[in-house]
Amino acid sequence: MPVTAYYAEHAWTGEAVASGVVIEVDGERVAGVRAGVAAPPPGAQVLRGLTLPGLANAHSHAFHRALRGFAQRGSGTFWTWRDSMYDVAGRLDPDSYLELARAVYAEMALAGVTCVGEFHYLHHAPGGRPYADPNAMGEALIEAAAQAGIRITLLDTCYLAAGFGRPPERPQLRFSDGDADAWAARAAALKERGHARIGAAIHSVRAVPAGQIEPVARWAAERAAPLHAHLSEQPAENEACLAAHGCTPTRLLADRGALGPRTSAVHATHLTGEDISLLGGSATTICMCPTTERDLADGIGPAAELARAGSPISLGSDSHAVVDLLEEARAVELDERLRTRRRGHWSAAALLRAATRDGHASLGWPEAGRIEAGALADLTTVALDSVRTAGPPAALGAETAVFAATAADVRHVVVGGRPVVRDGVHLLVPDAPAALARTISGLISP
Ligand SMILES: [Zn+2]
């Protein structure tokens, strides 16, 4: 028996925009969807604008948000940016990480994100000493997501080395469990709950020695859990892998059983033709993070080629230079246009699919990311009457949302049938900007 109903002025069904859409909700799930209803039924909550399935932010490091602005000073490289990031990592503890991540996830909710994939490697106290609860940092992230009203897949990350054949160096001691077996034992103690699922991650082939990749992949396979890995973000990683193993990072992951439909390769920027065949042929998802790849001058990954080869695409805000999944979505097409000097590689519909259905699937929530009976009732409504989005007819709502709207146009967010953002206001974290300012000022010295 449906207990709640929403009335979407317009809604994206996955292929087209429907109008006058009643979305009945029973508990956490959609009980029924009816389009073409002239007026809201009594008691229904009206969602004015274009309602999309909730957005999945498939790649996040919550604490990188503290570097916003600071990372934009001067020039620097990926590697100097990484030194600043290690400084912030060095100052966090479970209490301050809970406070920071709650504010970051509130920012995500305000941007229409209903599920985050948190690629989490800041496991231990300074020097590498485990906390009394060895998962205290991961638990802080799970709690932060609950307090901000969104879902989380905690991608507990194995991080064991500073580079090929090099033990972890000072800042990385907090990341390392010593070996993959110790990582697996700690990660196995994490428990799933209503809003939280657990996955695994191999930080990169730089940070996980070749012989330790298989145990992580096996851990994920035994649980049918998502497995994520940073892949070929920088040419230097490829060169070091070739020198150490005589093959590309993609080939190394493939040979160690780490590719496949439950795997997401994050970035996949600098690939060979064989890499593209291995990733596409194994249906490995590619998580594109264009605003971060842009910010760190990584390059433009071959997303269109990967998709043609068989890889689903997901999107992540990664370092949170900005938190705006609509910007990530359009960047996939617009970057490809700049690279090829041709238009029309991705339709708005295909990019929305990456931001919703395929992103959720990559995080182990296949029942989210669609507006249909039985799906999780996670909804994001984008205003079609803002100064950025007014003008086009509602039938072009997908094109308008992807190519013109920003996170600031997200008006309402519903997670599991429950309103989390209403009229642009977070209902659980009422002043997210103040929360971000307070927590970040305590972590970073200008
Ligand atoms: Zn990352």
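Residues numbered from 1 in each chain as written. Predicted model: local features only at pLDDT ≥ 70, side-chain atom pairs only at ≥ 80, totals over all residues. Heavy atoms only, no water.

Focus: the packing of aromatic side chains
So the rule is basically this: In this analysis, rings of Phe, Tyr and Trp, with Trp reduced to its six-membered ring, are considered paired at centre separations within 6.5 Å, and the interplanar angle assigns stacked below 30 degrees, edge-to-face beyond 60, and tilted for intermediate values. Under the DSSP-based scheme used, a helix requires at least four consecutive residues in state H or I and a strand at least two consecutive residues in state E, with every element numbered from the N terminus. Exposure categories follow from relative accessible area, calculated using a 1.4 Å probe and restricted to protein chains: below 20% of the type maximum is buried, above 50% is exposed, and the middle band is partly exposed. Think of it as a cone above the ring: NZ of Lys or CZ of Arg counts as a charge over the ring if it is within 6 Å of the ring centre and within 35 degrees of the ring normal.
Applying the stated rule across the entire model yields seven aromatic pairs. For the pair Tyr 121 and Phe 175, a centre-to-centre distance of 4.8 Å together with 70° between the ring planes defines the contact as edge-to-face. Of this pair, Tyr 121 sits in the loop between β6 (113–120) and α3 (136–148) while Phe 175 sits in the loop between β7 (151–158) and α4 (180–188), and the two are 54 residues apart along the sequence. One exposure class covers both Tyr 121 and Phe 175, and it is buried. In this structure, Arg 197 packs its charged tip against the face of Trp 365, placed 3.7 Å from the ring centre. Over the ring of Trp 219 we find Arg 223, and its NZ or CZ is 3.9 Å from the ring centre.

Let's talk about the packing of α4 against helix α5 (residues 210–223)
Definition in use: Here the axes come from fitting lines to C-alpha atoms, over the contacting stretch only for helices, and the angles between their N-to-C directions go from 0 to 180 degrees. Roughly parallel refers to an angle under 35 degrees, roughly antiparallel to one over 145, roughly perpendicular to one between 65 and 115, and oblique to any angle outside these ranges. Handedness of a helix crossing follows the sense of rotation of the near helix relative to the far helix, less than a right angle counterclockwise being left-handed and clockwise being right-handed. We call two residues in contact whenever any of their non-hydrogen atoms come within 4.5 Å of each other. Any residue that is not Ala, Val, Leu, Ile, Met, Phe, Trp, Tyr, Cys, Pro, Asp, Glu, Lys or Arg is counted as polar, Gly included; the first ten are nonpolar and the last four charged.
For the pair α4 and α5, interaxial distance at closest approach is 9 Å and the crossing angle is 25°. As far as their axial angle goes, α5 and α4 are roughly parallel. Our pair here, α4 against α5, has a crossing hand that is right-handed. On the side of α4, the interface is formed by Ala 180, Asp 181, Trp 183, Ala 184, Ala 187 and Ala 188, while α5 contributes Gln 212, Pro 215, Val 216, Trp 219 and Arg 223. Here the residues of the contact of α4 with α5 are counted per class, giving eight nonpolar, one polar and two charged.

Considerations on the side chain of Ser 176
By the secondary structure assignment, Ser 176 is in the loop between β7 and α4. Its relative accessible area of 12% is what places Ser 176 among the buried residues.

A closer look at the environment of Arg 91
Inclusion rule: N or O atoms closer than or at 3.5 Å make up a polar contact, with two conditions inside protein: a donor-capable atom paired with an acceptor-capable one, and, for residues adjacent in sequence, both atoms drawn from side chains.
Mapping Arg 91 onto the fold places it in helix α1 (residues 78–91). For Arg 91, a relative accessible area of 40% gives the class partly exposed. Taking the C-alpha atoms as reference, Arg 91 lies 9.1 Å from Gly 442; in sequence the two are 351 residues apart. A polar contact is formed between the side chain of Arg 91 and the backbone oxygen of Leu 443, at a distance of 2.7 Å.

A closer look at the sheet that holds strand β5 (residues 55–60)
What counts is decided by this rule: Pairing between two strands requires that DSSP report at least two bridges joining them.
Reading across the sheet, the eight strands line up as β5-β6-β7-β8-β9-β10-β11-β12 and stay open at both edges, with parallel pairing between neighbours. Bordering the open sheet on either side are β5 and β12 (313–315), each of which pairs with just one other strand. Ignoring which end each strand starts from, the neighbouring axes of this sheet average 25° apart. Pairing of β6 with β7, which is carried by six bridges, proceeds in the parallel orientation. The residue bridging Gly 117 from the neighbouring strand is Thr 153, located in β7. Against the sheet, α5 touches β7, β8 (196–202) and β9 (227–231), its axis set at about 160° to β8.

These values are about where atoms sit, not about what they do.
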